[in-house]
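These are the residues of each chain, in order.
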Amino acid sequence: MPTNNLVRTCTSFDFQPGNRIAAFNGATEYEESTCYLTQEQGDLDGISNLFFVPNSVHFIEVCLSSSRIENECPNRRYVFERHPRKALKVPDQDMKLTDMKEVSALNRSDCEDRCLNEFTFVCRSISYNAGARTCLLSRFTRRSHPERFVDDPTSDYLENTCLSAERRCDGIAVFVKEENKRLGGPFEMDIYSNFTLEECQIKCLQAEKYFCRSIEYDVQSRQCSILEEDTVSQKDDLRTSSSPTHHIYELVCLEDQQGGKIPDNSVTSHLFSDGRRPDTAFQRYRNNRLGGEYHSEITGRTLSECLDECLRQASFQCRSAVYSERFRICRLSRFNQRDGLRIIYDADYDYYENLMNRAADDEKIRPITWMPMVHLTDLTRWVSTLAIMVKVDLHIAQEEVAEDTVAVVEAVMAVEVEAMGVVAEDTVAATEGAVVEVATQEEVPTEAMAVEGEVMEATEGAMEEVTVEGMEEE
């Protein structure tokens with residue numbers, strides 16, 4: 001509140017979004033959101049201390065000089081996501097100039113500018129050490145290399161969100177589906193109605209005001225929700241959705257370990273071509289693995305590398321993968337659940353079923369061979385006509401064939417006609433049975449609605465989003 005008519009300059013604010021609530025008229029409604037404005041900034045740039053508040057986001061105004069903000073993300077609400085007392089550590093033997101670079105920086109803002117102005121590789125994250133005044137630029141993130149994301153009391157980890165759809169991944173971008181799941185909490189940035197899944201995924205990639213990391217889509221209502229968060233940032237908020245047709249799809253960057261080799265596979269080729277479009281490439285089953293033997297095992301790989309290896313596999317058709325983040329083990333298999341194998345509970349592994357091969361699998365399933373539908377009356381008339389034709393032919397031949405021969409032929413004809421009647425009755429019964437069976441198995445897809453909503457107003461200037469993890473309230 002202004003004091004003595006003095007206007008204070010706002011340099012940061014805290015935003016607590018209200019949860020979405022159900023409305024009787026079907027409209028999208030939310031609980032009241034709260035915004036706290038302040039002239040102070042938290043450490044390391046001010047005197048205020050940050051403490052953990054669930055579902056609350058702290059925004060800080062910073063001054064950056066890079067022209068990339070204006071050119072690539074002029075409408076983005078914030079350009080860096082900050083995690084105090086965290087860092088992305090890199091072993092010395094893994095340090096490559098094409099992957100990361102360590103430079104000196106006067107302060108955190110200088111480090112952020114260095115990242116935005118880096119042109120030898122796409123800088124996607126930085127780790128700033130305030131004590132040593134060093135800035136580690138990296139093309140990796142805590143999502144691509146979670147094993148390197150560690151606690152560090154002297155550092156801040158910041159993730160660059162000023163990235164276009166073309167620059168967010170070095171490899172390919174795919175969606176990973178989790179069926180009948182949603183994120184609990186106020187994480188929707190926009191909600192759209194009457195959308196297809198593909199339209200929803202495109203909206204995610206083309207979002208200008210925020211950095212979309214996942215979507216939620218309901219097949220029945222055709223409702224599309226765009227989210228900034230995912231199961232990495234909100235791993236404790238993954239819930240079973242109330243609707244069995246409501247699923248979450250996370251956008252994942254895959255890492256290529258084969259030097260850009262494109263697989264000769266029509267099922268996945270569109271993922272790697274110019275102007276590539278993301279697709280729902282895998283479905284995840286947490287804490288599960290596939291029973292039976294696997295084709296190959298690769299150690300020391302990230303999840304991104306494991307899934308990429310499955311899609312690019314040329315020596316065999318990789319239809320599923322299991323991955324252990326704890327042991328960094330990737331197992332590829334030529335089988336999946338459709339082969340009759342069951343998934344087994346295992347706390348150390350997640351099972352990923354390759355959805356790109358579903359179409360190819362469906363082609364292998366032979367369709368029902370339909371027999372012509374013949375009414376019994378029509379079949380009787382056809383048999384009678386055949387008998388008349390045979391009798392006429394026999395009458396003509398009576399002048400040349402003995403009477404006893406004609407009798408034998410007529411007897412044989414009678415037996416054949418009787419046999420054909422029995423076969424016809426069995427054929428019609430089997431055909432009608434097939435029709436009933438197919439009709440009961442027919443599935444009818446349904447879909448439906450939603451409304452576009454804004455979670456918060458765009459703020460002027462470059463902003464940081466600060467996420468505080470594991471800190472007790474002071």
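For the structure, check the block above.
Residues numbered from 1 in each chain as written. Predicted model: local features only at pLDDT ≥ 70, side-chain atom pairs only at ≥ 80, totals over all residues. Heavy atoms only, no water.

## Notes on the sheet that holds strand E18 (residues 280-285)
Part 1: Taken in spatial order, the 10 strands make up an open sheet running E13-E15-E14-E17-E11-E18-E24-E21-E22-E20, and their pairing is mixed. Of all strands in the sheet, those bounded by a partner on one side alone are strand E13 (188-192) and strand E20 (296-299). Strand-to-strand twist in this sheet, taken as the mean axis angle between neighbours without regard to direction, amounts to 25°.
Part 2: In the packing of helix H3 (residues 197-206) onto the sheet, the strands contacted are strand E11 (173-178), E13, strand E14 (214-218), strand E15 (223-227), strand E17 (246-253) and E18, and the crossing angle to E14 comes to about 160°. (Pairing = 2+ DSSP bridges. Helix = DSSP H or I, 4+ residues; strand = E, 2+ residues; numbered from the N terminus. Axes fitted to C-alpha atoms, helices over the stretch in contact; angles between N-to-C directions. Contact = heavy atoms within 4.5 Å.)

## Points about the pattern of salt bridges
Pairing is possible between side chains of opposite charge, provided their charged atoms come close.
Part 1: On inspection of all chains with the given rule, the structure shows 29 salt bridges.
Part 2: Note that Glu147 is salt-bridged to Arg148, the shortest N-O span being 3.8 Å.
Part 3: What makes Glu147 partly exposed here is its relative accessible area of 32%.
Part 4: The closest approach of N and O atoms between Lys177 and Glu179, which form a salt bridge, is 3.7 Å.
Part 5: Through salt bridges with shared partners, a single ionic network connects Glu81, Arg142, Arg143, Glu159, Arg213 and Asp230. (Salt bridge = Lys/Arg side-chain N within 4 Å of Asp/Glu carboxyl O. Buried < 20%, exposed > 50% of the residue type's maximum accessible area, 1.4 Å probe, protein only.)

## Digging into the pairing of E15
Part 1: For E15, the tally of buried residues reaches 5 of 5 residues, placing the bulk of the element in the interior.
Part 2: In E15, alternate side chains face the same way, and those of Gln223, Ser225 and Leu227 on one face and Cys224 and Ile226 on the other are all buried.
Part 3: Two elements, E14 and E15, share 5 bridges in a ladder whose sense is antiparallel. What sits directly across from Ser214, in E15, is Leu227.

## As for the environment of Asp346
Part 1: In this structure, Asp346 sits in the loop between strand E23 (343-345) and strand E24 (350-354).
Part 2: Considered as a pair, Asp346 and Asn288 are 58 residues apart in the sequence and their alpha carbons are 4.9 Å apart.

## Describing the packing of aromatic side chains
Part 1: Applying the stated criterion to the full structure yields 5 aromatic pairs.
Part 2: Centre to centre, the rings of Phe149 and Tyr157 are 5.0 Å apart; their planes meet at 70°, and the pair counts as edge-to-face. Each member of the pair, Phe149 together with Tyr157, is buried.
Part 3: Here the aromatic rings of Tyr192 and Phe195 are separated by 5.0 Å at their centres, their planes lie at 20°, and the arrangement is stacked. Residues Tyr192 and Phe195 agree in their burial class; the two are buried.
Part 4: Site record: aromatic cluster; members linked through ring pairs are Phe13, Phe59 and Tyr78.
Part 5: Residue placement shows Arg168 over the ring face of Phe211; its charged tip is 4.2 Å from the ring centre. (Phe/Tyr/Trp six-rings, centres within 6.5 Å; stacked < 30°, edge-to-face > 60°. Lys NZ or Arg CZ within 6 Å of the ring centre and 35° of its normal.)

## Some points on H3
Part 1: Every buried residue of H3 is accounted for by Cys200, Gln201 and Cys204. Down the axis of H3, the smallest arc covering the buried residues is 95°, so these residues share one side.
Part 2: For H3, the elements touching its buried residues are E11, E14, E15, E17 and E18. (Arc of directions from axis to C-beta.)

## Observations regarding the state of the cysteines
Part 1: Taken as a whole and assessed by the stated rule, the structure comprises 8 disulfides.
Part 2: Two residues, Cys204 and Cys212, share a disulfide whose sulfurs are 2.0 Å apart. Here Cys204 and Cys212 share a disulfide; its torsion about the S-S bond, -100°, makes the bridge left-handed. The exposure classification of Cys204 matches that of Cys212, with both residues buried.
Part 3: A disulfide-free cysteine, Cys35 has its sulfur positioned 7.4 Å from the sulfur of Cys10, the nearest such atom.
Part 4: On the basis of relative accessibility, which here comes to 42%, the residue Cys35 falls in the partly exposed class. (Disulfide = S-S within 2.5 Å.)

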